[in-house]
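# Examining the three-dimensional arrangement
Here is how the chains run, residue by residue.
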Amino acid sequence: MLLIKLAARNLSRRRARSILTIIGVGIAIAFTVTILSMSEGLMVSFENSIAKQGADIVIVPKEAEAYPYPDVAAFVGSFPEELLDEIEQVDNVKITFPVFTAIPMDFMPEKPGAMPLLYGVTPEYFPEVVPYLGLAEGRYIEAGDEFTIVAGSGIAKVAELSPGDSLEFRGKSFEVVGILESSGSMDDGMLYTPLKGLQEAYSKPGQLTFVPIKVNDISRAEETAEEISDRWPIVSAQTQKAMVDKFSDLMGIVEAANVGLSAVALLIGILFILSTMIMAVGERVKEIGTMRAIGMHRSYIFQLVITESLITSLIAGVIGCLCGYLLSLGITYIISEFFGLTYFAPMVNARIFLTGIVIAIVVGALAGLYPAWRISKTNIVQALRYE
Amino acid sequence: MNKIIIETENLSKVFTIGGQDIKALNGVDLKVAGGEFISIIGPSGSGKTTLLNLIGLLEQPSSGTVSFEGQDVSKLRESELDDLRLKQIGFIFQTFNLMATFTALENVTFPMEITHVPEKERLDRAKALLDRLGLAERMHHKPKELSAGESQRVAIARALANEPILLLADEPTGNLDSNTTKEISELLQRLNNEYGIAVILVTHDNQVARAASRTLRMVDGRLDSDSG
Ligand SMILES: Nc1ncnc2c1ncn2[C@@H]1O[C@H](COP(=O)(O)OP(=O)(O)O)[C@@H](O)[C@H]1O
Ligand SMILES: [Mg+2]
C-alpha cells in the first residue's frame, strides 16, 4: 500500500512528464492494437466468405495460380467455357458454375470509394455457391435476364443503388433488380450480373475467369483438382482447402509483420519510460538516500521504481487499448461508409486487448529495471551528499 | 552510569581519491551511554560527518569496529543494519531532507509505515509528536510551506517516530538563523531529558555544543575530549 502511495505521489509530482510518457507509450500501444485488429478482421472476413462458399474446388486461369481469387483472375486472363463440358466428365466432378469476372474502370468517378467487382453468374450461383447471401430488396438473377444487376450490400450503400437504377458498363446499360443483405464477407462488394450479358459487354463471349466446382466425394477433391490442372494446362484447379491454406500462408506473413510491429511498439515504449525514469530517479537521489538512511531496504527502493514504471505503462496500456479500439471503430466506419468494404472491418477481441496490456506490462517491467537497479545500489552516504 | 549503546574501537576510514589516500578518521575510540548527550565540534573536514555516518550504520569502516548495544555491526547483514536504523536510530540532517510530496504529518508517519505500525496508532503518535514540537497548526502543510525552523522540527519529529534510543544530528542548525538555532538546541536538550534518548550532535557552533553534557573535539580524524 505504501509502495503504491509513494509511487502515485512521485508520478503526480512530475505530472506533465508522466502524462507525456503515457501519451507516447499509449500511441504505440494504440497503433499495435489497431493493426492487430485489422488483420484479425481480415482473417475473420475470410472465414466468413471464401471458407464458407459452397465450392469444393475452384478453377482460375493458369496465370492466377498463386492467388486463385476472382478479382485477381479478372485481371490476368480467361479460358473458354467449352472446357467445362469436358471437365464435367472428370470422375468425381458433380457440377460446375461458370463465372466471368471483370473490374470496371472509373466506376463512379465522383465516388472513388466505390470499387466493385463485376460477377457474371448463372442463376444457380446464388442457392448453390453463396447460400448465405440473402435478399434485402428486389430479386436474384433469373433465367432469361440479360443486362440486370443484383448488388452486394456494401457497394449498394456506397453507390446508393436501389432497384430500378441503371448502370452502364462498356456502353451497355444494366438495370438493378435486387440488393443483397450484408454478409460481412467479400461478397458485399460484388455486382452480380447474368453471365452472358457481362461477357457481351466486355467483348469476351464464351470466356470464363472463375469456376466453382462441387464434387461427389470431398475426400478425393485434392486428386480431382490435380487431375484437372494436369489435363488442361491453361487453368489451375485448387481445392477450397488449398485456398484456405494459401490464405493462411498469407496471414502468416501478416502475423510476422504484426509481431515485428509489436516489437517496435515495445521498444518505443521502453525507450519512452526508460528516459523518464532515469530522469526521475536522477532528481531524487538525495530523497532516496534519506529513505535508505531512515531504514528503508534497498529492495524496497527497487520495487518503488519498478512500481512507478509499471503504473505508467499500465495506464498507457489501458488508454492505448481504448484508443486502438476507437481507432478501429473509426476505420470500420470509414471503410464501410466510403468504400463499402464491410469485409475489411477491424475486429477487436479479448486476445488483442490482452496483447496490448501484456506489451504494456513488459514495457513497464523492462524499462524500470535499469533505473531501479542503478538507484537502489547507490551508496547511502554519497546519495545524502548529492545536491 | 547507563549501559553503553555505542562503542567504537580504533575506528578508521580511508577515502581514496585519484590514487591519494585521505584518512578521514584515524583511530577513534568512543563510548556512548544510553541517555547521554554528546556534542562533537571541530573544523571542517576533520571527520565529524564520517564518524556520524559510521555510528549511524550508513557505511562501513576501513578498519576498527562499531558495536551497537554490544553487537559488532560488521557481523550484521545489510537488511539488519536497515532495521537497526529504522527502529533504534533517528537522523537529523543539516538540510532537513523531508519528503517533498508529503505533508508534515505524512513525513512523521512515514517511518512508522515502514515498520507497519497500525494506522490509528501511527497517526496518534505523529500528531502527539508534532503537537509537542509546537507544530499542531502545521500538520497538513507540505515542506515548501514551512519555515526552516519548522522544517527541522518536523524532521526531528520524524526521527523520533519509531522511538529510537539514539539521535544523530549532523549540523542540524547549520541552515538556521540564531533564534531558531537556539530553539532547536534547546529542543534537543529537552528531548534528551524527557525521553532519555541519547543524542550525538555535530556542530561547529560552541554555543550549540553547550547543550550537551559532554563535548568532544575532533581534529584530523582524531577525538580529543574537552570534558567528561
Ligand atoms: N565520500 C567521500 N569521498 C572522499 N572523501 C571524503 C568522502 N567523505 C569525506 N571525505 C573526506 O574526508 C574528510 C572528512 O570529511 P567529513 O567527515 O565530511 O568532515 P567534517 O564533517 O568534519 O567536515 C574530508 O577531507 C573529506 O574531504
Ligand atoms: Mg560534516
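Residues numbered from 1 in each chain as written. Chains lettered and ligands numbered in written order. Predicted model: local features only at pLDDT ≥ 70, side-chain atom pairs only at ≥ 80, totals over all residues. Heavy atoms only, no water.

This next bit is on the pairing of strand 1 (residues 57–61) of chain A. All names here are of chain A. Counting buried residues in strand 1 gives five out of five residues, a clear majority hidden from the surface. Bridge count for strand 1 against strand 13 (residues 235–239) is five bridges, and the pairing is antiparallel. Pairing of proline 61 across the sheet is with valine 235, part of strand 13. (Buried < 20%, exposed > 50% of the residue type's maximum accessible area, 1.4 Å probe, protein only. Helix = DSSP H or I, 4+ residues; strand = E, 2+ residues; numbered from the N terminus. Pairing = 2+ DSSP bridges.)

This part takes up the pattern of salt bridges. Tallying each qualifying case throughout the model produces 35 salt bridges over all chains. Between arginine 292 of chain A and aspartate 82 of chain B there is a salt bridge, with the nearest N and O atoms lying 3.2 Å from each other. Taken together, the residues span two chains, with arginine 292 of chain A in helix 10 (residues 285–294) and aspartate 82 of chain B in helix 2 (residues 78–88). The exposure class of aspartate 82 of chain B is buried, given its relative accessible area of 2%. For glutamate 36 of chain B, the salt bridge is made with arginine 214 of chain B, and the minimal N-O distance between the two is 2.8 Å. Highlighted residues: glutamate 36 of chain B in the loop between strand 2 (20–33) and strand 3 (37–41) and arginine 214 of chain B in strand 9 (residues 214–219), separated in sequence by 178 residues. A cluster of three or more residues bridged by salt bridges with shared partners is formed by Arg292 and Arg298 of chain A together with Glu78, Asp82 and Arg85 of chain B. (Salt bridge = Lys/Arg side-chain N within 4 Å of Asp/Glu carboxyl O.)

On to the side chain of asparagine 10 of chain A. Residue and element names in this part refer to chain A. Within the fold, asparagine 10 resides in helix 1 (residues 2–13). Look at asparagine 10 and you get buried, because its relative accessible area is 2%. A distance of 2.7 Å separates polar atoms of two side chains, one belonging to asparagine 10 and the other to arginine 13. Beyond its immediate stretch of four places on either side in the chain, asparagine 10 contacts Arg284, Glu287, Leu304 and Glu308. (Polar contact = N/O pair within 3.5 Å; in protein donor to acceptor, adjacent residues only side chain to side chain. Contact = heavy atoms within 4.5 Å.)

Attention shifts here to the nonpolar core. In terms of nonpolar packing, the biggest core is built from 41 residues, with Leu191 and Ile228 of chain A touching the most fellow members. Discounting chain neighbours no more than four positions away, the residues touching leucine 191 of chain A are Phe107, Pro116, Leu117, Leu118, Tyr119, Ile149, Val150, Ala151, Ile155, Leu161, Leu167 and Phe169 of chain A. Judged by nonpolar contacts, the second largest core, of 37 residues, contains Val285, Ile294 and Ala360 of chain A together with Met99 of chain B. (Core = buried A, V, L, I, M, F, W, Y, C linked by side-chain atoms within 4.5 Å.)

A separate point is the site of ligand 1. Inspection of the region around ligand 1 gives 13 residues, with Arg385 of chain A together with Gly45, Lys48, Thr49 and Thr50 of chain B positioned closest. A distance of 3.0 Å is found between an oxygen atom of ligand 1 and a backbone nitrogen or oxygen belonging to glycine 47 of chain B. For ligand 1, an oxygen atom lies 2.5 Å from a polar atom in the side chain of threonine 50 of chain B. The protein chains hide 77% of the 550 Å² of surface that ligand 1 would expose on its own. Secondary-structure elements contributing two or more residues to the shell around ligand 1 are strand 1 (4–17), strand 2 and helix 1 (48–55) of chain B. When the residues that make up the shell around ligand 1 are grouped by side-chain class, the tally is five nonpolar, six polar and two charged. (Near = heavy atom within 4 Å. Areas by Shrake-Rupley, 256 points an atom, 1.4 Å probe, with all protein chains shown as cover. Nonpolar A, V, L, I, M, F, W, Y, C, P; charged D, E, K, R; others polar.)

Residues and elements named next belong to chain B. With antiparallel pairing, four strands are arranged side by side in an open sheet as 2-1-4-5. Here the strands that pair on one side only, and so sit at the sheet edges, are strand 2 and strand 5 (71–72). In the sheet, strand 1 pairs with strand 2 via 11 bridges, with the strands oriented antiparallel. Across the sheet, threonine 8 pairs through a bridge with leucine 30, a residue of strand 2.

Residue and element names in this part refer to chain A. The grouping of Ile19, Leu20, Ile23, Ile27, Phe31 and Leu327 at the surface amounts to a nonpolar patch, some 570 Å² of accessible area in total. Per element, the largest residue contribution to the nonpolar patch is five residues, and it comes from helix 2 (residues 15–48). Note on leucine 20: relative accessible area 57%, which makes it exposed. (Patch = residues over 30% accessible without salt bridge, like charges linked within 9 Å, V, L, I, M, F, W, Y side chains within 5 Å.)

Residues and elements named next belong to chain A. For arginine 170, which is not glycine, the phi torsion reads 50 degrees and is therefore positive. Examined against the element boundaries, arginine 170 turns out to sit in the loop between strand 8 (166–169) and strand 9 (172–180). By relative accessible area, arginine 170 is classed as exposed at 57%.

Turning our eyes to something else, we now look at the interface of chain B and chain A. Taken residue by residue, the interface counts 23 residues in chain B and 19 residues in chain A. At the boundary of chain B with chain A, total buried surface from both sides reaches about 2,100 Å², with 60% on carbon and sulfur atoms. Scanning the region where chain B abuts chain A turns up five salt bridges. Counting across the chain B and chain A interface gives 13 residue pairs in polar contact (both at pLDDT 80 or more). Of all the secondary structure elements, the ones that give two or more residues to the side of chain B that touches chain A are helix 2 and helix 3 (104–114) of chain B. Looking at which element gives the most residues to the side of chain B that touches chain A, the answer is helix 2 of chain B, with six residues. (Buried area = accessible area lost by both parts, 1.4 Å probe.)

With that settled, consider the domain arrangement of chain A. All names here are of chain A. Segmentation of chain A into domains returns domain 1 (2–47 + 247–385) and domain 2 (57–238). Look at where the C-alpha atoms of domain 1 and domain 2 centre, and you get two points 47 Å apart. Connecting domain 1 to domain 2 are zero salt bridges. Our count for the domain 1 to domain 2 interface comes out at zero residue pairs in polar contact (both at pLDDT 80 or more). Elements supplying a minimum of two residues to the side of domain 1 that touches domain 2: helix 9 (240–283) and helix 11 (298–338). (Domains from an automatic or database assignment.)

Residue and element names in this part refer to chain A. Ordered in space as 3-12-1-13, the four strands form an open sheet in which the pairing is antiparallel. At either end of the open sheet lies a strand with only one pairing partner, and these are strand 3 (93–96) and strand 13. Between one strand and the next, the sheet's axes are offset by a mean angle of 30 degrees, whatever the strand orientation. Direction of pairing for strand 3 relative to strand 12 (residues 211–215): antiparallel, over a ladder of three bridges. Residue pairing in the sheet places isoleucine 95 in a bridge with lysine 214 of strand 12. With respect to the sheet, helix 8 (residues 221–231) is in contact with strand 1, strand 3, strand 12 and strand 13, its orientation differing from that of strand 13 by roughly 175 degrees. (Axes fitted to C-alpha atoms, helices over the stretch in contact; angles between N-to-C directions.)

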